[in-house]
Structures are given as C-alpha cells and as structure tokens.
Amino acid sequence: MPFSNASRLVELITVVHNKPDGHQSLALVCKAMMGKLFPGWTPLAWWAPLLALPAAVYVDLLEATFKMHRHVLYQSLRCKPPVNPAKETPRW
C-alpha cells in the first residue's frame, strides 16, 4: 500500500506534536523527512525548469486576455468601468 508510510508519518507527527517538547521533536521529524525525501525526489524533478517557460508565456497570455476583455468583466460584475485608465489600475 503506497499510503501506509504517509499515514504512519502523519501519526508520528501528531504524537510528537502533542508532547510537551513537541516543537523540538517536530523539528527533528521534519529534518528526518527532508533528509529521506529530498535525495529521492531530486532526480525526478528534472522537468521542473522546463515548466517555467510555458508558465511565463501562460501568464503573459492571461494578462493580455484580461486587458482585452476587461469591459466584459466589468459588465459581468455589474461595475461601472472607469473613465480614466489611470484610475483602473489601483482597483485591481
């Protein structure tokens, strides 16, 4: 079962957090988790930098769409669009 280790970890964190010195013990548990998880997942994250460029392009497209169709957004929200574009920026 893949979640058996995760459920044990959650139980361990819960038990440790309820102890009087829980914060120090919780920090040790977190350090141990990172020590075991980081080396295992690092080789599998080779694709993460590849997603940065498409995400940046998506943000640019989303912003352009918002700027082009903001009058429809104002109509949908039943807001009066500002007369002066300089006053529009602080609103959002």
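Residues numbered from 1 in each chain as written. Predicted model: local features only at pLDDT ≥ 70, side-chain atom pairs only at ≥ 80, totals over all residues. Heavy atoms only, no water.

Draft legend 1. Highlighting the overall build of the chain. Each helix and strand in the chain was counted, giving five helices and zero strands. In the chain, the succession of helices and strands from N to C terminus is α-α-α-α-α. When burial is assessed residue by residue, the chain has 8% of its 92 residues classed as buried. As presented, the chain carries roughly 8,300 Å² of accessible surface, and 70% of it is formed by carbon and sulfur atoms. (Helix = DSSP H or I, 4+ residues; strand = E, 2+ residues; numbered from the N terminus. Buried < 20%, exposed > 50% of the residue type's maximum accessible area, 1.4 Å probe, protein only. Areas by Shrake-Rupley, 256 points an atom, 1.4 Å probe, with all protein chains shown as cover.)

Draft legend 2. Region of the structure containing the confidence of the model for the chain. Residues with a pLDDT of 70 or more make up 70% of the chain, whose mean pLDDT is 75. Taking the mean pLDDT of every element in the chain, the minimum, 65, falls on helix α1 (residues 4-17) and the maximum, 87, on helix α4 (residues 70-77). (pLDDT = per-residue confidence, 0-100.)

Draft legend 3. Structural context of the packing of helix α3 (residues 48-68) against α4. In contact at an axis separation of 4 Å, α3 and α4 are set at 65° when each is read in the N-to-C sense. With respect to α4, the axis of α3 lies roughly perpendicular. Seen from α3, the contacting residues are F66, K67 and M68; seen from α4, they are R70, H71 and L73. Residues of the contact of α3 with α4, tallied by class, amount to three nonpolar, one polar and two charged. (Axes fitted to C-alpha atoms, helices over the stretch in contact; angles between N-to-C directions. Parallel < 35°, antiparallel > 145°, perpendicular 65-115°, else oblique. Contact = heavy atoms within 4.5 Å. Nonpolar A, V, L, I, M, F, W, Y, C, P; charged D, E, K, R; others polar.)

Draft legend 4. Layout of unusual backbone geometry. Positioned with a positive phi, R78 is a non-glycine residue whose angle comes to about 55°. Among the secondary structure elements, R78 is positioned in the loop between α4 and α5 (85-91).

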